[in-house]
Amino acid sequence: MTKRAVVLLSGGLDSATSAAIARQQGYELIALSFNYGQRHQRELQAALALAQHLQITQHYTINLDLAQWGGSSLTDTSQAIPTSGVDTSVIPSTYVPGRNTIFIALGLSLAEAQGAEAIFLGINAIDYSGYPDCRPDYLQAYQHLAALSSKVGIEGHPIQLIAPLIQDSKVDIIQKAVALGVPIAQTWSCYQGDLQPCGRCDACRIRDQALIEVGYPELASSNLPRLFFDFEAEFVDSLRCIPMVVRYKLDTCGVKLKLQHWHGFSQDQRQQLVTAPCGTALEVEQYRQQLQAWVAAQTGTPANTLSIDPAPPWLETEQIPATVLQHMQERQLPLLSTTAWADLSPLQRFALIKLSQPGHENRNFLPALQEFGLAGLEV
């Protein structure tokens, strides 16, 4: 008989690694996430992506409005997120009163109802910012309560509360995540809800320091690739236009998205399309399915499809498209060398190609050249 476990999946690195450990141990996973009134939805977006990666088919998201009574800078937007660094002598304002106690209680209910024998938690007593509900003695006491408060517990088969990372440092956790194939870049730890991690809150500081120590500095918040170009600055806040990073993904997954479709999406949906991965074959398919589902929900029919070029010109480093060269000639600019073209990122090459297409609004072609350090002009 297949053993089952509930995993509390927040969308963060620790919960994702804990879930991966449960899967490695042979459990069939049931994911449980919480929309508890936190100040952003980036965690929940990450949780959805992680559930797909872990091939979890049963994923519940419970709505709880802990923001009604506040008590934490994570649920009360009138309070500032602390950015001065971790102070282990005090419990920070990001502590949410009763959060883990409530989450585990609901996890116990789900586990008993679904016949699961364990709950896997991502709580950690080492790099935990001083939260009282992340300590071993807290978990031990809750385990005793779980045995007393449930039918299966009275019958001698209490649901086990398993926190496989509780004594691990963040370095240890990252090493385990890498070994288990956890997509670290898809997890979200930042207390802020911007499109990219802030790099200043306690969660970012702890995570970034460990990533650098383990040997993955490219995943640290300060080294993440930029999502937008400077020439897109006028609409980044509102996302009223489709940015190049999304247009790149649309061509990659073969969907012709109209601006009216884009305007019909919520801000959260637009942000998800900006940040969602679209590189591997699985990611491309997931991106396409999600996009088409949103368009169909909005209009009744999916968007038109595009033929996918198996060798798109923006991935070609040895040949510069004629339209790009033509636009440079028209502006009496020095022509690019193939070396300079190859030094651009695929997204930069994509942008120049799109901005040089006939009939395209290409007023940003020159600003793009300047931003990329080309055209002999100062950026």
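Refer to the structure presented above.
All figures in this text were calculated on a predicted structure; none of them were measured in a lab.

(A) Region of interest: the overall build of the protein chain. Helix and strand counts for the protein chain stand at 16 helices and 7 strands. Excluding contacts between residues fewer than 6 apart, the proportion of contacts in the protein chain whose partners are at least 24 apart in sequence is 68%. Accessible surface, the protein chain: about 18,100 Å² in total, of which carbon and sulfur atoms supply 51%. The average position of the 25 basic charges and that of the 35 acidic charges among the side chains of the protein chain differ by 5 Å.

(B) Looking closely at helix α13 (residues 322–330). Listing the buried residues of α13 in full gives V324, H327 and M328. All buried residues of α13 project into a common sector of 100° when viewed along the axis, lining one side. Turned more than 90 degrees off the buried face of α13, the exposed positions are A322, Q329 and E330. Contacts from the buried residues of α13 go to α14 (338–343), α15 (346–355) and α16 (365–371). Of the residues trailing α13, Q332 is marked for its positive phi of about 55°.

(C) Highlighting the pairing of strand β3 (residues 58–63). Here strand β2 (residues 28–35) pairs with β3 via 6 bridges, running parallel. Residue pairing across strands places F34 opposite I62, the latter belonging to β3. Of the crossover connections in this fold, the one passing from β2 over helix α2 (residues 42–53) to the parallel β3 is right-handed.

(D) Summary view of the sheet that holds strand β5 (residues 160–162). An order of β3-β2-β1-β4-β5 is seen for the 5 strands of this open sheet, with the pairing classed as parallel. The open sheet terminates on both sides in strands that have one partner only, identified here as β3 and β5. This sheet shows a mean twist of 25° between the axes of neighbouring strands, independent of strand direction. Bridging between strand β1 (residues 4–8) and β2 involves 5 bridges; their strand directions are parallel. What sits directly across from L8, in β2, is L32.

(E) Seen up close, the packing of helix α11 (residues 267–275) against helix α12 (residues 281–299). Contact geometry of α11 with α12 gives a least axis separation of 11 Å together with a crossing angle of 160°. Our classification of the angle between α11 and α12 gives roughly antiparallel. In this structure, the crossing between α11 and α12 has a hand that is left-handed. Taking contact as the criterion, the partners of Q269, Q272 and L273 in α11 are, on α12, Y287, L291 and W294.

(F) Spotlight on the side chain of T17. Its location among the elements puts T17 in helix α1 (residues 13–24). Among residues more than four places away in sequence, those in contact with T17 are L165, I173, K176, A177, L180 and V182.

(G) Spotlight on the packing of helix α3 (residues 99–114) against helix α4 (residues 136–148). Put simply, α3 and α4 touch, their axes get as near as 12 Å, and they point 35° apart. The handedness of the crossing between α3 and α4 comes out as right-handed. Residue-level inspection shows N100, T101, I104, A105 and L108 of α3 in contact with α4, the latter providing Y138, Y142 and A146. Here the residues of the contact of α3 with α4 sort into 6 nonpolar, 2 polar and no charged.

(H) Examining the environment of T317 more closely. For T317, the position within the fold is in the loop between β7 (304–305) and α13. What makes T317 partly exposed here is its relative accessible area of 30%. For T317 and V295, which are 22 residues apart along the polypeptide, the C-alpha to C-alpha distance reads 34 Å. The contacts of T317, once residues within four sequence positions are left out, are T338, W341, A342 and R349.

(I) α15, seen in detail. Of all 10 residues in α15, 9 are buried, a share of seventy percent or more. If you check which residues of α15 are buried, you get L347, Q348, R349, F350, A351, L352, I353, K354 and L355. Contacts made by the buried residues of α15 are with α9 (244–253), α13, α14 and α16.

(J) Structural context of the packing of aromatic side chains. Summed over the entire model, instances satisfying the criterion amount to 12 aromatic pairs. Their ring planes at 65° and their centres at 5.3 Å tell us that Y27 and F120 sit as a pair that is edge-to-face. Placement of the pair is Y27 in the loop between α1 and β2 and F120 in strand β4 (residues 118–120), with a sequence separation of 93 residues. The class for Y27 is buried, based on a relative accessible area of 12%. Three or more aromatic residues joined by ring pairs form one cluster here, namely F34, Y36 and F103. Looking at K3, its charged tip hangs above the ring of Y27, at a distance of 4.3 Å from the centre.

(K) The arrangement of unusual backbone geometry in detail. Positive phi outside glycine occurs at L239, with the angle close to 55°. Here L239 shows up in the loop between α8 (233–236) and α9. Of note in this structure, Q332 is not a glycine but carries a positive phi near 55°. Judged by its relative accessible area of 75%, Q332 falls in the exposed class.

Reading the values: the criteria
- Each chain carries its own residue numbering, running from 1 in the direction its sequence is written.
- Thresholds applied to this predicted model are a pLDDT of at least 70 for local features of residues and 80 or more for the giving and counting of side-chain atom pairs; totals over whole chains, interfaces and linings are not thresholded and use all residues.
- To obtain the side-chain values, all non-hydrogen atoms of the structure were used and water was disregarded.
- Under the DSSP-based scheme used, a helix requires at least four consecutive residues in state H or I and a strand at least two consecutive residues in state E, with every element numbered from the N terminus.
- Residue contacts are counted whenever heavy atoms from the two residues lie within 4.5 Å of one another.
- In this description, accessible areas are obtained by the Shrake-Rupley approach with a 1.4 Å probe, and a residue is regarded as covered only by the protein chains that are shown.
- In this tally, Lys and Arg are treated as positive and Asp and Glu as negative; His is ignored, and so are the chain termini.
- The atoms used to mark charge sites are NZ of Lys, CZ of Arg, CG of Asp and CD of Glu.
- Relative accessibility decides the category of a residue: with a 1.4 Å probe and only protein chains considered, values under 20% of the type maximum give buried, values over 50% give exposed, and everything between is partly exposed.
- Working definition: the arc comes from the directions between the helix axis and the C-beta atoms, pointing outward to the latter.
- In this scheme, strands are said to pair when DSSP sees at least two bridges between them.
- Seen with its strands pointing away from the viewer, a crossover is right-handed if its path from the first strand over the helix to the second goes clockwise.
- Comment: axis = line fitted to C-alpha atoms, over the contacting stretch for helices; angle = value between 0 and 180 degrees taken between N-to-C directions.
- Put simply, angles under 35 degrees are roughly parallel, angles over 145 are roughly antiparallel, angles from 65 to 115 are roughly perpendicular, and the rest are oblique.
- Crossing chirality is assigned from the near helix's rotation relative to the far helix, an anticlockwise turn below a right angle marking it left-handed and a clockwise turn marking it right-handed.
- Here the nonpolar group is Ala, Val, Leu, Ile, Met, Phe, Trp, Tyr, Cys and Pro; Asp, Glu, Lys and Arg are the charged ones; every other residue, Gly included, is treated as polar.
- For Phe, Tyr and Trp, rings pair up if their centres lie within 6.5 Å, where Trp contributes its six-membered ring, and each pair is then called stacked (planes under 30 degrees apart), edge-to-face (over 60) or tilted (otherwise).
- Placement of a positive charge over a ring is assigned whenever Lys NZ or Arg CZ falls within 6 Å of the ring centre and within 35 degrees of the normal to the ring plane.

Purely geometric stuff here, so don't read any function into it on its own.
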